[in-house]
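# Per-entry structural report
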Amino acid sequence: RPERVIVAATHYNFASVFAWNVFLYTGMAAIVGVYLWTMFERRMNRFAKAAGIAALLWRFALTTGTGSIFGFLVARQAYQSALLAPLFIVLSLTWGLAVFLLVQRALAGGGRMLAPDTQRRMARLLGIFVAASLYLVAVYHMTNLYFARQGGFEAFILLGRGGLGVYPLLFWGGYVAVGSVLPMLLLFHPTLASRRATLAASALVV
């Protein structure tokens with residue numbers, strides 16, 4: 001109903017998480033604008049750290065709101081879990097860092113490479129994010145398995161019962177094996193860890 005956009009933009013139901021996101025996203029855009037200003041304007045550089053921390057904290061609130069949209073959807077029984085808010089935060093940090101590493105490498109030129117120590121720290125941080133997201137997904141499914149009413153959903157997603165077998169393949173083969181376990185192996189294994197391994201792990205995460 002695109003003709004109702006003006007209604008959504010002028011009348012807010014604050015019992016709805018969707019309404020909260022209108023302010024969370026516009027607030028994020030404003031804070032990032034201020035953050036960029038403090039970095040580009042030399043006389044405002046002393047405020048850059050405070051603006052960066054504010055952007056990070058607002059980002060946590062924003063991603064919590066996005067995760068809550070799914071967590072409180074009445075029509076989607078499988079999503080109904082408070083774990084989706086922190087899961088969204090960790091997954092977005094994982095994906096964001098992976099994209100950053102790939103873009104940074106693609107744009108690197110004229111010696112503008114990350115220092116080796118910084119590269120190693122970012123690789124370890126990416127591995128920690130991947131491990132944390134995999135842990136939260138495991139807890140989410142284990143919590144669902146505890147409730148009898150979620151048994152059918154878990155059998156469908158994890159085992160493919162009552163539906164297409166592509167979903168367990170995507171979950172176990174795509175998310176768990178290729179998107180989590182293999183990147184952690186590339187990032188944490190002492191003999192495999194390298195700049196190329198970090199880029200490969202980032203690509204697999206994405």
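Right above here is the structure, for reference.
Residues numbered from 1 in each chain as written. Predicted model: local features only at pLDDT ≥ 70, side-chain atom pairs only at ≥ 80, totals over all residues. Heavy atoms only, no water.

Moving on: the side chain of Ser133. Tracing the sequence through the fold places Ser133 in helix 5 (residues 116-146). Residues contacting Ser133, with those up to four places away along its chain left out, are Leu87, Val90, Leu91, Thr94 and Tyr175. (Helix = DSSP H or I, 4+ residues; strand = E, 2+ residues; numbered from the N terminus. Contact = heavy atoms within 4.5 Å.)

Below, the discussion takes up a nonpolar patch on the surface. A grouping of Tyr12, Phe14, Trp20, Val22 and Phe23 is seen on the molecular surface, where their side chains present a nonpolar patch of about 470 Å² in accessible area. Residue position: Phe23 is located in helix 2 (residues 17-40). (Patch = residues over 30% accessible without salt bridge, like charges linked within 9 Å, V, L, I, M, F, W, Y side chains within 5 Å. Areas by Shrake-Rupley, 256 points an atom, 1.4 Å probe, with all protein chains shown as cover. Salt bridge = Lys/Arg side-chain N within 4 Å of Asp/Glu carboxyl O.)

This next bit is on the nonpolar core. Residues Leu87, Leu97, Leu101, Leu126, Val130, Phe171 and Leu187 are the most contacted members of the largest nonpolar core, which totals 26 residues. Where this core is concerned, the elements lending two or more residues are helix 4 (84-107), helix 5, helix 6 (151-159), helix 7 (166-188) and helix 8 (195-205). Looking at which element gives the most residues to this core, the answer is helix 5, with 8 residues. Ignoring any residue separated from it by four or fewer positions in sequence, one finds Leu187 in contact with Ala123, Leu126, Gly127, Ala193, Thr198 and Ala201. (Core = buried A, V, L, I, M, F, W, Y, C linked by side-chain atoms within 4.5 Å. Buried < 20%, exposed > 50% of the residue type's maximum accessible area, 1.4 Å probe, protein only.)

Time to look at the packing of helix 5 against helix 7. Where helix 5 meets helix 7, the axes come as close as 9 Å, and the angle between the chain directions of the two elements is 145°. Read as a crossing pair, helix 5 and helix 7 show a hand that is left-handed. Between helix 5, through Ala123, Arg124, Leu126, Gly127, Ile128, Val130, Ala131, Ser133, Leu134, Val137 and His141, and helix 7, the contact on the second element is made entirely by Phe171, Tyr175, Val176, Gly179, Ser180, Met184, Leu187 and Phe188. Residues that form the contact of helix 5 with helix 7 fall into these classes: 13 nonpolar, 5 polar and 1 charged. (Axes fitted to C-alpha atoms, helices over the stretch in contact; angles between N-to-C directions. Left-handed = near helix turned anticlockwise from the far one by under 90°. Nonpolar A, V, L, I, M, F, W, Y, C, P; charged D, E, K, R; others polar.)

Once that is clear, we can look at the pattern of salt bridges. The final tally for this structure, using the stated rule, is 2 salt bridges. The salt bridge involving Arg43 is made with Glu41; its shortest N-O contact spans 3.3 Å. Residue Glu41 is classed as partly exposed on the basis of its relative accessible area, which comes to 29%. For Asp117, the salt bridge goes to Arg120, with nearest N and O atoms at 2.1 Å. Linking Asp117 with Arg120, this pair stays in helix 5, spanning 3 residues, or about one helical turn. Overall, the relative accessible area of 45% leaves Asp117 in the partly exposed class.

Below, the discussion takes up the packing of aromatic side chains. This structure, assessed with the given rule, holds 6 aromatic pairs. For the ring pair Phe171 and Trp172, a centre distance of 5.0 Å and an interplane angle of 80° mean the geometry is edge-to-face. Accessibility expressed as a relative area gives 14% for Phe171, which makes it buried. When its relative accessible area of 45% is taken as the criterion, Trp172 is described as partly exposed. When the centroid spacing of 6.1 Å and the interplanar angle of 25° are considered together, the rings of Phe171 and Tyr175 count as stacked. With Phe171 and Tyr175 both in helix 7 and 4 residues apart, the pair spans about one turn of that helix. (Phe/Tyr/Trp six-rings, centres within 6.5 Å; stacked < 30°, edge-to-face > 60°.)

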